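In case you want the letters, here they are:
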Amino acid sequence: MDYKLKLKRVNIPTSELLDDLRMVSKKINKDSFPMDLYEKYGNFQRGVFKRRFGSWNNALNEAGLKILKRNNIPETELIDDLKRVAQKIGRKTFSMDLYENNGQFSRGIYKRRFGSWNNALSKAGFQIYKKMGTYNRMDANDEELFSNIAMVWEKLGKQPTQANLDSNISKFHSSKYKRRFGTYNNALIAFVKWAESGGKENIEIPNLKTEIFINESDKGHKTRRDINWRLRFLTMRRDNFKCKYCGRSPATDPLIILHVDHIKAWTNGGETILENLQTLCSKCNTGKSNL
Ligand SMILES: [Zn+2]
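Calculation rules
- Residues numbered from 1 in each chain as written.
- Predicted model: local features only at pLDDT ≥ 70, side-chain atom pairs only at ≥ 80, totals over all residues.
- Heavy atoms only, no water.
- Helix = DSSP H or I, 4+ residues; strand = E, 2+ residues; numbered from the N terminus.
- Buried < 20%, exposed > 50% of the residue type's maximum accessible area, 1.4 Å probe, protein only.
- Contact = heavy atoms within 4.5 Å.
- Areas by Shrake-Rupley, 256 points an atom, 1.4 Å probe, with all protein chains shown as cover.
- Salt bridge = Lys/Arg side-chain N within 4 Å of Asp/Glu carboxyl O.
- Donors = N, O, S within 2.8 Å, 3.2 Å for Na, K, Ca; no water.
- Tetrahedral: all angles 85-135°; square planar, octahedral: opposite > 155°, others 65-115°.
- Phe/Tyr/Trp six-rings, centres within 6.5 Å; stacked < 30°, edge-to-face > 60°.
- Patch = residues over 30% accessible without salt bridge, like charges linked within 9 Å, V, L, I, M, F, W, Y side chains within 5 Å.
- Lys, Arg positive; Asp, Glu negative; His and termini not counted.
- Charge placed at Lys NZ, Arg CZ, Asp CG, Glu CD.

Topic: the overall build of the protein chain
Along its length, the protein chain carries 15 helices and two strands. Counting only residues that meet the buried cut, the protein chain has 44% of its 291 residues in that class. Once local pairs closer than 6 in sequence are excluded, the contacts in the protein chain between residues at least 24 apart make up 61%. Carbon and sulfur atoms provide 52% of the accessible area of the protein chain, an area that totals close to 17,000 Å².

Here's what the structure looks like:
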């Protein structure tokens, strides 16, 4: 298969990072800008700069730009940023790590200003965050973790970013994948491997859920009617997450819901194999079955 993951680059040369800051500076015609603004126009993630230079201001400084003066950020601005992040990730409470991945300010500012992270959260009207708490305790197996990536990928119509996994469309948080696979990139690589292994046929260990749907018309088929996660993903990926009829995709229109459809109907003897499956949007799929 000629499919390639878009992986986060590692070991980007420092000069390239600095050039990118200067490029953005020219583009927006400002000699100083916050990380948020950078991410709109720049090629790299804010985390790379923090790790490489220690802080955003250090990075700006190294690039010959002006540092941001943020000593007197009003409390309301800090609270607003918490609210913005909560909305972005769709959660009522969150860790400092999660905040720093998505927010404008450092955790240190919140601790200094409010005494503790939880104080800041409650001041903003959010629930108190409990470490290793109820939110993430359930231990998921690889199959569950992978099918969640497939589900998010399907909904977006494109490769999910770490932030997508931290949002409320995902069942599991990206940190769960990092704990299991070391890095988010590794998790993606393992996921694609998992999808490709055994994705060709729809042979699964029978379980109670699918057993219920086996009826007389299943006789004579080599495969099961229901389409497993691997096949769904592989079908959509082959079809570029676009409807085969109208070409629409959730990647460009978030309201589009994709289905996987048997080209030769199951009831006419069509098998559940990649060659007999196609991606359709819900509208075209409904139209097809009404013919
Ligand atoms: Zn369509």
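Things to note about the pattern of salt bridges
In total, this model carries nine salt bridges according to the counting rule given. Glu75 serves as the salt-bridge partner of Lys123, at 3.5 Å between the closest nitrogen and oxygen. Highlighted residues: Lys123 in helix α8 (residues 117-123) and Glu75 in helix α5 (residues 75-89), separated in sequence by 48 residues. Here Lys123 falls in the exposed class, since its relative accessible area comes to 55%. Of the residues examined, Glu75 reaches a relative accessible area of 34% and is grouped as partly exposed. A network of salt bridges, in which partner residues are shared, links Arg238, Asp239 and Lys244.

Focus on the coordination of the zinc ion
Those donors, Cys243 (SG), Cys246 (SG), Cys281 (SG) and Cys284 (SG), are the protein atoms that reach the zinc ion, and they lie 2.3 to 2.4 Å from it. Between the four donor atoms coordinating the zinc ion, the angles at the centre fall across 103 to 116 degrees, so the site counts as tetrahedral. Along the chain, the residues donating to the zinc ion fall in the pattern C-x2-C-x34-C-x2-C. In this pair, the class of Cys281 matches that of Cys284, namely buried.

Description of the packing of aromatic side chains
Enumeration according to the criterion identifies 20 aromatic pairs in this entry. A centroid spacing of 6.3 Å and a plane angle of 65 degrees characterise the contact between Phe33 and Trp56, whose relative ring orientation is edge-to-face. Linking Phe33 in the loop between α1 (14-28) and α2 (35-41) with Trp56 in helix α4 (residues 56-62), this pair joins segments that are 23 residues apart in sequence. Residue Trp56 is classed as buried on the basis of its relative accessible area, which comes to 7%. Here Tyr99 and Trp117 contribute two aromatic rings whose centre-to-centre distance is 5.6 Å and whose plane-to-plane angle is 45 degrees, an arrangement assigned as tilted. Highlighted residues: Tyr99 in helix α6 (residues 96-102) and Trp117 in helix α8, separated in sequence by 18 residues.

Some points on a positive patch on the surface
Judged by side-chain charge, Lys8, Arg51, Arg52 and Lys178 come together as a positively charged surface patch. Within the element layout of this structure, Arg51 appears in helix α3 (residues 46-53).

A look at unusual backbone geometry
In the Ramachandran plot, Asn29 falls in the positive-phi region, its phi being about 60 degrees despite a non-glycine side chain. Among the structural elements, Asn29 can be located in the loop between α1 and α2. Asn29 gets classed as exposed once you look at its relative accessible area, which sits at 70%.

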